[in-house]
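Report on the structure
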Amino acid sequence: MKNVVGIGGVFFRAKDPEALAAWYETHLGINRAPTDMVAEPWFTEAGVTVFAPFAQDTDYFARDKQFMLNFRVSDMDEILTHFRSIGVAVTNEVSQEGLGRFAHIHDPEGNPIELWEPIPG
């Protein structure tokens, strides 16, 4: 059997899709989904992608949300400084030996986002 080779997209509902897409583009550098052959899609760097279903009663992220996005970042200090400067609350800052640094934020519609700076190498 052939295996999946990567994530081709993340699709979710939004109250204001245009505004939310603009927020992700402005603050996380994620290009909007192309709507023609000219628009540049978002290309990610090669690296670890974790696919992890959680128990329904997990407290790792808000119980009223069915998902949490996790983005790998290259400079946690810089991105957290940016989010704090625009008034985004940063929570759950932790370092885990062998894994790296983590922090949680929410997008303007309340969707949970985990930022992850993996350990080098």
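The coordinates are above.
About the thresholds
Residues numbered from 1 in each chain as written. Predicted model: local features only at pLDDT ≥ 70, side-chain atom pairs only at ≥ 80, totals over all residues. Heavy atoms only, no water. Helix = DSSP H or I, 4+ residues; strand = E, 2+ residues; numbered from the N terminus. Buried < 20%, exposed > 50% of the residue type's maximum accessible area, 1.4 Å probe, protein only. Pairing = 2+ DSSP bridges. Axes fitted to C-alpha atoms, helices over the stretch in contact; angles between N-to-C directions. Core = buried A, V, L, I, M, F, W, Y, C linked by side-chain atoms within 4.5 Å. Contact = heavy atoms within 4.5 Å. Expected span 1.5 Å × (residues − 1). Arc of directions from axis to C-beta.

1. Observations concerning unusual backbone geometry
Despite not being glycine, Asn92 shows a phi value in the positive range, around 50°. Residue position: Asn92 is located in strand β2 (residues 91–96). Judged by relative accessible area, Asn92 falls into the partly exposed class, the value being 47%.

2. Notes on the sheet that holds strand β4 (residues 112–118)
Read across the open sheet, the four strands follow the order β1-β4-β3-β2; overall the sheet is mixed. In the strand order of this sheet, the two ends are held by β1 (69–72) and β2, each with one partner. Averaged over all neighbouring strand pairs, the angle between strand axes comes to 20°, with direction disregarded. Pairing analysis gives four bridges linking β2 to strand β3 (residues 100–106), with the strands arranged antiparallel. Across the sheet, residue Thr91 finds its bridge partner in β3, namely His104.

3. With respect to the nonpolar core
If you look at the biggest cluster of nonpolar residues, it comprises 18 residues, and the most contacted ones within it are Tyr24, Leu28, Phe83 and Leu115. Within the residue set of this core, elements represented by two or more residues are α1 (17–28), β1, α2 (76–85), β3 and β4. When neighbours within four sequence positions are excluded, Leu115 is seen to be in contact with Leu28, Phe71, Val73, Met76, Ile79, Leu80, Phe83, Arg101, Phe102, Ala103 and Ile105.

4. Comments concerning α1
Counted at 1.5 Å a residue, the expected span for α1 with its 12 residues is 16 Å, and the 16 Å between its end C-alpha atoms agrees. When we look at burial in α1, the residues that qualify are Leu20, Trp23, Tyr24, His27 and Leu28. Considered in projection along α1, the buried side chains sweep an arc of 95° and stay on one side of the axis. Counted as exposed and oriented over 90 degrees from the buried face of α1: Glu18 and Thr26. On its buried side, α1 packs onto β1, α2, β3 and β4. Just downstream of α1 lies Gly29, where phi reads positive at about 70°.

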